[in-house]
Amino acid sequence: MRRLSISLALFLACSSCLYAAPAALFYLTDSPDSIRSFLAHSRKIDLLVPTWYEVDENGLVTGAPNPTVLDRAHSESLPVMPIVALFNKKKFHALATSIQAEDQMNEAMLREAKLHGYVGFQFDLENVDYLDRDNLSALVAHTAEALHKAGLQISLASVPNAPGYPGKGGFAKWIYTDWRGAYDLAALSKSLDLICLMTYDQQTRWTEPGPVAGWQWTLDNLNYALQFVPKEKLSLGIPLYGYHWYTGAPTEDKVTGDYKPNATADYISTPDALQLANAFGGKPEWDAFDHTEFFWFYRDQMREWIFYTDVHTFKDRYQLTQDRGLQGFCSWVLGSEDPGIWDFLPDRVATK
């Protein structure tokens, strides 16, 4: 574990040096596509963040590594920093208001890091009520103290939260109270070694069709975060996937019998998006304002839209990371990417 810890220290210290390539952090799930992508391109990755663990309201940490992935990472001295996730308001509040539960969580993280040679952990704590803002900062500080004493690193996936307060409309209020309002970037950055700014999912199934991460929206959230987080601690989120908007069957109210419209959207990988374009005659176009690729097509006489990340979309955000001197970028998720990004990205610098 010492060799991996040294590798991560070099990764965090040198990745933002002048003219250095931004550090490449990639997320990995247990899907076969994600694992195949990792095994094919592990030499291009500087820090692997797999979704291997969850925590509940009692501090019980559950999960385990994928042996094939872990063996490859160790054989290449690739630092591994697994996610510890919790996406439930009530459970998070219970966890963050119980020192006993937090201590149990921290003990489990220390145990797993020692057992499997991790360099640390990344918290993915989402759907946190805005009233738990201080509780989130305190929990992160408590865990950071425990992990740092053991020579481990702690990072956080942060929901982008510019402009930092709720807007006028109903959606703006909801996205603040249920998602954005809990992240005090100034307080969090004091405890954390790295903040991964999730500058993606600007548009989702909750919204109208549009870019996963529009250019101005990305700039606004990056500029806001840089007011509070040193650039050496900030990693810019670059999505590797897209969203597919289409019209679903109307939903029926079981009491009144009334029908309601059901315009919806699904997550889609770039290869699957291009397969649909080929099947239904979609013509990919470049949106110069949002720096993103999109297309539309007709199926069953209804128009469907797909916005996705091609290599051009990826390169523009990579360049932004480099221009701003950030620590690096963090991309969700391996297995959904345009294969062209691997020809563009440099190999990882070998460490001893």
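This one's a predicted model, so the numbers in the text were calculated from it and none came from an experiment.

Describe the pattern of salt bridges, and please don't skip the residues or the numbers.
Applying the stated criterion across every chain, the model contains 10 salt bridges. Between E76 and R348 there is a salt bridge, with the nearest N and O atoms lying 3.4 Å from each other. On the criterion of sequence distance, the pair formed by E76 in the loop between α3 (67-75) and β5 (83-86) and R348 in the segment after α12 (340-344) is long-range, its members being 272 residues apart. Each member of the pair E76 and R348 is classed as buried. Three or more residues joined by partner-sharing salt bridges are found here, namely R43, R72, E76 and R348.

Please provide a residue-by-residue account of helix α4 (residues 89-96), values included.
Those residues of α4 that sit buried are F92, L95 and A96. End-on view of α4: buried residues confined to an arc of 90°, all on one side of the axis. Its buried side turned inward, α4 meets β3 (53-55), β5, α5 (99-116), β6 (120-125) and α6 (133-149). For α4, the side-chain oxygen to backbone nitrogen distance between the N-cap and K90 is 3.1 Å, and the N-cap itself is N88.

Now, about the sheet that holds strand β15 (residues 292-299): what can you tell me, with residues and values included?
Reading across the sheet, the five strands line up as β13-β10-β16-β15-β14 and stay open at both edges, with antiparallel pairing between neighbours. Both edges of this open sheet fall to β13 (263-269) and β14 (285-287), since each of them pairs with a single strand only. With direction set aside, neighbouring strand axes in the sheet form an average angle of 25°. Sheet strands touched by helix α10 (residues 270-280): β10 (241-247), β13, β15 and β16 (302-308). Its angle to β13, the strand with the most contacts, is close to 115°. This element, helix α11 (residues 311-323), spans β14, β15 and β16 of the sheet and lies at about 25° to β14.

Please provide a residue-by-residue account of the packing of helix α9 (residues 215-225) against α11, values included.
Contact geometry for α9 and α11: axes closest at 12 Å, N-to-C directions at 25°. It follows from the interaxial angle that α9 and α11 lie roughly parallel. Relative to α11, α9 is oriented so that their crossing is right-handed. Facing α9, whose interface residues are W215, T218, L219 and L222, α11 presents D316, R317 and L320. Split into classes, the residues belonging to the contact of α9 with α11 amount to four nonpolar, one polar and two charged.

A description of the pairing of β15 should follow, citing residues and the corresponding values.
Of the pairings in the sheet, the one linking β14 to β15 comprises three bridges and is antiparallel in character. By the bridge assignment for β15, D287 is matched with T292. Linking two consecutive strands that pair antiparallel, namely β14 and β15, is a turn of four residues; a positive phi of about 50° is found at H291 within it. As judged from the seven bridges shared by β15 and β16, these two strands associate in the antiparallel manner.

For the side chain of S235, give the residues involved together with the corresponding values.
Counting through the fold element by element, S235 comes out in strand β9 (residues 234-239). Overall, S235 belongs to the buried group, its relative accessible area being 1%. Polar contacts involving the side chain of S235 include one to the main-chain carbonyl oxygen of F329, which spans 3.3 Å. A distance of 3.2 Å separates a polar side-chain atom of S235 from the backbone nitrogen of C330. In this structure S235 touches L194, I195, C196, L197, Q327, G328, F329 and C330, once residues within four positions along its chain are discounted.

I'd like a description of the sheet that holds β3, backed by residues and values.
Read across the sheet, 10 strands follow the order β2-β1-β17-β9-β8-β7-β6-β5-β3-β4 without closing on themselves; strand pairing throughout is mixed. Unpaired on one side and paired on the other, β2 (47-50) and β4 (61-63) mark the two borders of the sheet. For this sheet the average axis-to-axis angle between neighbouring strands, irrespective of direction, equals 25°. Judged from the two bridges that link them, β3 and β5 form a sheet pairing that is parallel. Within the sheet, the bridge partner assigned to Y53 lies in β5 and is V84.

So what's going on with the confidence of the model for the protein chain? Which residues, and what values?
Taken residue by residue, the protein chain gives an average pLDDT of 94. The fraction at 70 or more is 94%. Per-element averaging of pLDDT across the protein chain places helix α1 (residues 2-14) at the bottom with 53 and β3 at the top with 99.

Run through the nonpolar core, naming residues and quoting values.
Within the largest apolar cluster, 89 residues are counted, with the highest numbers of intra-cluster contacts made by F26, Y27, F123 and L139. Aside from chain neighbours lying at most four places away, what touches L139 is F92, L95, A96, E102, M105, F123 and L125. Core analysis: the second largest hydrophobic core is formed by eight residues, I268, A273, F297 and Y308 among them.

Basis of the calculations
- Residues numbered from 1 in each chain as written.
- Predicted model: local features only at pLDDT ≥ 70, side-chain atom pairs only at ≥ 80, totals over all residues.
- Heavy atoms only, no water.
- Salt bridge = Lys/Arg side-chain N within 4 Å of Asp/Glu carboxyl O.
- Helix = DSSP H or I, 4+ residues; strand = E, 2+ residues; numbered from the N terminus.
- Buried < 20%, exposed > 50% of the residue type's maximum accessible area, 1.4 Å probe, protein only.
- Arc of directions from axis to C-beta.
- Contact = heavy atoms within 4.5 Å.
- Polar contact = N/O pair within 3.5 Å; in protein donor to acceptor, adjacent residues only side chain to side chain.
- Pairing = 2+ DSSP bridges.
- Axes fitted to C-alpha atoms, helices over the stretch in contact; angles between N-to-C directions.
- Parallel < 35°, antiparallel > 145°, perpendicular 65-115°, else oblique.
- Left-handed = near helix turned anticlockwise from the far one by under 90°.
- Nonpolar A, V, L, I, M, F, W, Y, C, P; charged D, E, K, R; others polar.
- pLDDT = per-residue confidence, 0-100.
- Core = buried A, V, L, I, M, F, W, Y, C linked by side-chain atoms within 4.5 Å.

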